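Listed here are the chains, written in short residue letters.
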Amino acid sequence: MKSNRLRNGLVGFIGVAVLLALAVLLGVFRPSTVAPDVQQPLTDAQTRELLPRGRELALAGNCMGCHSLPQGPRGAGGVPIDTPFGTLYSTNITPDKTYGIGKYSREDFHRVLRDGIAPGNRNLYPGMPFVFTHITRAEDIDALYAYIMSLPSITEPNVANTGVFRLPVRPFMNFWALINFPDRQPPVREGASEQWLRGAYLVEGLGHCGACHTPRNVTMGVSFARSLEGGDVVDGLVVPDITAQTLAKRGFNTQSLSEYLSSGISAQGTAFGSMYTVTHFSTSAMQAADVDAIASYLMTGKDGQLLKPAKGPEPLPAASDTPLQRGRLSYLSACAGCHGTNGEGIPNVAPPMNGNIAVVMDSPVNLLTVILQGVPTQTFTGNQRMYAMPGFADRMSAEEVAGLASWMRAQWGGQGKAITAEQVEAIAPAK
Ligand code: HEC
Ligand code: HEC
Ligand code: HEC
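The numbers attached to residues start from 1 for each chain and follow its sequence in the written order. Ligands are numbered from 1 and chains lettered from A, in the order in which they are written. With pLDDT at 70 or above as the cut-off, local features in this predicted model cover only qualifying residues; side-chain atom pairs require 80 or more to be listed or tallied, and sums for whole chains, interfaces and linings still use all residues.

*Asks:* So what exactly am I meant to see when it comes to the overall build of the chain here?
*Replies:* Helices and strands together make up the secondary structure of the chain, namely 19 helices and ten strands. The globule rule puts the C-alpha radius of gyration for 431 residues at 22 Å, and the 25 Å found for the chain is close to it. A principal-axis box enclosing the C-alpha atoms of the chain has dimensions of 75 × 70 × 50 Å. Exposure classification rests on a simple neighbour count of other C-beta atoms within 10 Å of a residue's own: a residue reaching 20 or more is buried, one at 12 or fewer is exposed, and one in between is partly exposed. C-beta atoms are placed from the backbone. By the burial criterion, 40% of the 431 residues in the chain qualify as buried. For the chain, the share of sequence-separated contacts (at least 6 apart) that also reach a separation of at least 24 residues comes to 66%. For the purposes of this entry, the term helix denotes a DSSP run of H or I that reaches at least four residues, the term strand denotes a run of E that reaches at least two, and both are numbered from the N terminus. Within these notes, the globule rule equals 2.2 Å times the number of residues to the 0.38 power, and the radius of gyration is based on C-alpha atoms. Contacts here follow a simple rule: the backbone-placed C-beta atoms of the two residues must lie within 7 Å.

Below, the structure written as structure tokens:
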């Protein structure tokens, strides 16, 4: 009797679980969050009026940065995103009717940006930052649609994904979305200024800063509870914490942060690696008012006040100890010519090392990676140029690099823990 009841119970339970799983797979839990009144196509007059705003928002969202190869046609896709499961390629988003999104209706476009679902119920992978673009307002999505549909069509087929992404796994993204895709809203705060609201809307939405600056959970979902606290490695670099408290500790105020975002250069260093793509293609091309709004949102503490910049770190006593003096000599012979004897930097040659983000971060990975691999020549806003940063992997032993980094961190970064040769050897060689 009892075991029968148990069996029936179990069968019933499994039945319900299977039905639920099927419902998830079929997307029952991903209803459309698209605004109700977007079925009508935009009129020509509306399109014309929306174009400038659409252009600005496309810059804030770095749509073209992610959907264009550096030397390739604009918006034609093909940019690889490496993941542990295979390589995903961004797609052609020009208005080409065969290979691009030329057949997208206004509503289709809203559905992609709000819900991450393309026409034909095709779930997108989160390489497309729809968990962020989700909060974009209907009128702004219209503006983006008007702008992107006005770009030249490029007849360029999409590149096939590799690994898991080749398999018919798109429906399974519904499970992922169930745990990782909250129905976020544009941030609001009582008494907040227009500027703060605008900055919050851009940073938490189209700007998708958290795609890199917020840690991920085990299923690669964004841990929104730890927003902008940094942590994970993206393209070989540790992405720093950019919460207000940390930015203030690093000496930023609203103005200098705004300058950094609009030029890629600051007293705390230059943008490199994947952050260079952000400053180069996105924030440096945006209108000053929007960049100021982003900076002011980022510099606002939890109590709603703008945080004041702290003074840079003082040299630690260990920096003058004999063992670390070898590191100082390496610096003077290999680096000081460009970065200055006292790490003060030389304008138009190289950024300061004193208080540089790569030097003050808890993790030494970015500092070691740059010393070993260098930074390719980059151009900055207003045609500002610097020298290229040479890589030293062939010129210094792991011990030497470890000694150099240990001294730099103690002298200019307030970091006392010595770097070991093993830590240097663990850095991947330049690609
Ligand atoms: C971080 C990189 C990244 C950014 C930024 C980005 N995209 Fe994407 N996007 C992707 C990737 C990768 C895909 C392909 C996803 C897939 O195959 O599931 C994609 C897919 C799309 C698609 C679906 C195309 C199709 O296959 O039908 C559209 C539309 C789109 N993006 C528009 C945009 C717009 C508009 C913006 C700017 C607001 C933008 N994207 C910003 C990476 C990005
Ligand atoms: C030929 C000049 C030159 C020499 C020599 C040089 N650097 Fe650089 N370094 C640069 C330039 C220029 C950049 C900025 C590159 C960019 O962002 O475009 C840079 C960037 C860096 C960065 C990244 C931080 C930032 O703000 O960009 C670190 C760390 C760094 N250098 C450390 C060193 C160390 C340590 C040495 C000596 C082993 C060294 N550099 C030698 C020119 C030089
Ligand atoms: C594609 C990944 C990526 C995205 C998206 C991204 N960042 Fe970064 N960011 C980085 C990396 C990597 C670094 C460290 C290298 C460097 O300093 O240039 C960095 C560094 C920074 C720094 C300097 C760190 C410090 O402690 O002062 C700031 C400020 C910053 N990012 C702001 C932003 C803002 C604002 C956005 C959104 C508009 C953004 N980032 C989007 C990867 C990213």
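*Asks:* Before we go on, may I ask you to explain the site of ligand 1 in this structure?
*Replies:* Near, as applied to residues and a molecule or strand, means the residue's backbone-placed C-beta atom lies within 6 Å of it. In the vicinity of ligand 1 there are 23 residues, among which Gly 61, Cys 63, Cys 66, Gly 127 and Met 128 approach most closely. Mapped onto the shell around ligand 1, the elements with two or more residues apiece are helix H3 (63–67) and helix H6 (138–149). Ranked by residues supplied to the shell around ligand 1, first place goes to H3 with three residues. Across the shell around ligand 1, the residue classes tally to 16 nonpolar, seven polar and no charged. Residues were grouped as follows: Ala, Val, Leu, Ile, Met, Phe, Trp, Tyr, Cys and Pro as nonpolar; Asp, Glu, Lys and Arg as charged; and all remaining residues, including Gly, as polar.

*Asks:* I tried to follow the site of ligand 2 on my own but got confused; where do I start?
*Replies:* Not every one of the 23 residues close to ligand 2 is listed here, only the nearest: Gly 269, Thr 270, Cys 335, Cys 338 and Met 389. Of all elements in the fold, only strand S8 (269–270), helix H15 (336–339) and helix H17 (365–373) reach the threshold of two or more residues within the shell around ligand 2. By residue class, the composition of the shell around ligand 2 is 17 nonpolar, six polar and no charged. Two domains each donate at least three residues to the shell around ligand 2, and these are domain 2 (194–298) and domain 3 (317–425). The split of the chain into domains comes from an automatic or database domain assignment.

*Asks:* Where do I start with the UniProt feature "binding site: heme c 2" (unreviewed entry) in the chain in this structure?
*Replies:* As recorded in UniProt, the feature "binding site: heme c 2" (unreviewed entry) lies at Cys 209, Cys 212 and His 213. In this fold, Cys 209 is placed in the loop between helix H8 (194–204) and helix H9 (210–213). With 22 C-beta atoms packed within 10 Å, Cys 209 lands in the buried category. Setting aside residues no more than four positions away along its own chain, Cys 209 makes contact with Val 203 and Leu 228. Within the secondary structure layout, His 213 lies in helix H9. Here His 213 falls in the buried class, since 23 other C-beta atoms lie within 10 Å of it. In this structure His 213 touches Leu 228, Gly 230, Val 239 and Ile 242, once residues within four positions along its chain are discounted. UniProt positions are given in the numbering used here, feature names are shortened, and annotations may be inferred rather than shown by experiment.

*Asks:* When you look at the nonpolar core in this model, what are you seeing that I'm missing?
*Replies:* Note on soluble globular proteins: their nonpolar side chains tend to be buried together. Linking buried Ala, Val, Leu, Ile, Met, Phe, Trp, Tyr and Cys residues through C-beta atoms within 7 Å yields a set, and such a set is a nonpolar core. Counting 54 residues, the largest nonpolar core has Leu 144, Leu 257, Ile 294, Leu 298 and Met 299 as the members making the most contacts within it. In this structure, this core is formed jointly by two domains, domain 1 (44–156) and domain 2 (194–298), each of which donates at least three residues. The contact partners of Ile 294, leaving out residues within four places of it in the chain, are Gly 199, Leu 202, Val 203, Gly 207 and Leu 261.

*Asks:* In this structure, what is going on with the domain arrangement of the chain? I would like to understand it.
*Replies:* Many descriptions give the size of an interface as the accessible area lost when the pieces come together. Partitioning the chain into structural domains gives domain 1 (44–156), domain 2 (194–298) and domain 3 (317–425). Just the C-alpha atoms count here: the centres of domain 1 and domain 2 sit 22 Å apart. Of the residues lining the interface, 14 residues belong to domain 1; the matching set on domain 2 comes to 17 residues. At the level of secondary structure, the elements contributing two or more residues to the side of domain 1 that touches domain 2 comprise helix H2 (44–60), H3 and helix H5 (130–133). Tallying contributions element by element places H2 first for the side of domain 1 that touches domain 2, with four residues. Its residues assigned to classes, the side of domain 1 that touches domain 2 shows eight nonpolar, five polar and one charged.

*Asks:* How do you make sense of helix H12 (residues 274–282) when you look at a structure like this?
*Replies:* Note that an α-helix has 3.6 residues per turn; residues three or four places apart therefore point the same way. Within the span of H12, buried status applies to Met 275, Val 278, Thr 279 and Ser 282. Down the axis of H12, the smallest arc covering the buried residues is 110 degrees, so these residues share one side. Of the surrounding secondary structure, the elements contacted by the buried residues of H12 are H2, H3 and helix H11 (254–263). What the arc covers is the set of directions going from the helix axis to the C-beta atoms.

*Asks:* Sorry, what's going on with H6 here?
*Replies:* Each residue after the first adds 1.5 Å to the expected span of a helix. End to end, H6 covers 16 Å across twelve residues, agreeing with the expected 16 Å (1.5 Å per residue, within 8%). For H6, the tally of buried residues reaches ten of twelve residues, placing the bulk of the element in the interior. Within H6, the full set of buried residues consists of Asp 140, Ile 141, Asp 142, Ala 143, Leu 144, Tyr 145, Ala 146, Tyr 147, Ile 148 and Met 149. Turning to H6, the residues buried within the fold contact H2 and helix H4 (106–115).

*Asks:* In this structure, what is going on with unusual backbone geometry? I would like to understand it.
*Replies:* Peptide bonds are trans in most cases, and residues, glycine excluded, mostly fall at negative phi. In the Ramachandran plot, Met 220 falls in the positive-phi region, its phi being about 70 degrees despite a non-glycine side chain. Looking at the secondary structure, you find Met 220 in the loop between H9 and strand S5 (233–234). Classification of Met 220 by C-beta neighbours within 10 Å gives partly exposed; the count is 14. Located in the positive-phi region is Leu 228, a residue other than glycine, with phi close to 65 degrees. Within the fold, Leu 228 resides in the loop between H9 and S5. What makes Leu 228 buried here is the crowd of 22 C-beta atoms within 10 Å.

*Asks:* What should I look at first to understand the UniProt feature "domain: Cytochrome c" (unreviewed entry) in the chain in this one?
*Replies:* Within this structure's numbering, the places UniProt gives as "domain: Cytochrome c" (unreviewed entry) are residues 49–152, 194–302 and 322–412. Helix makes up 41% of residues 49–152 and strand 12%, with an end-to-end C-alpha separation of 19 Å. As a span, residues 194–302 carries 47% helix and 7% strand, and end to end its C-alpha atoms are 17 Å apart.

*Asks:* Explain the environment of Gly 416 here, please?
*Replies:* Within the secondary structure, Gly 416 is located in the loop between helix H18 (398–412) and helix H19 (421–425). With 12 C-beta atoms packed within 10 Å, Gly 416 lands in the exposed category. As for Gly 416 and Leu 316, which are separated by 100 residues in sequence, their C-alpha atoms are 7.0 Å apart. Contact partners of Gly 416, with chain neighbours within four places excluded, come to Leu 316, Ala 318 and Ala 410.

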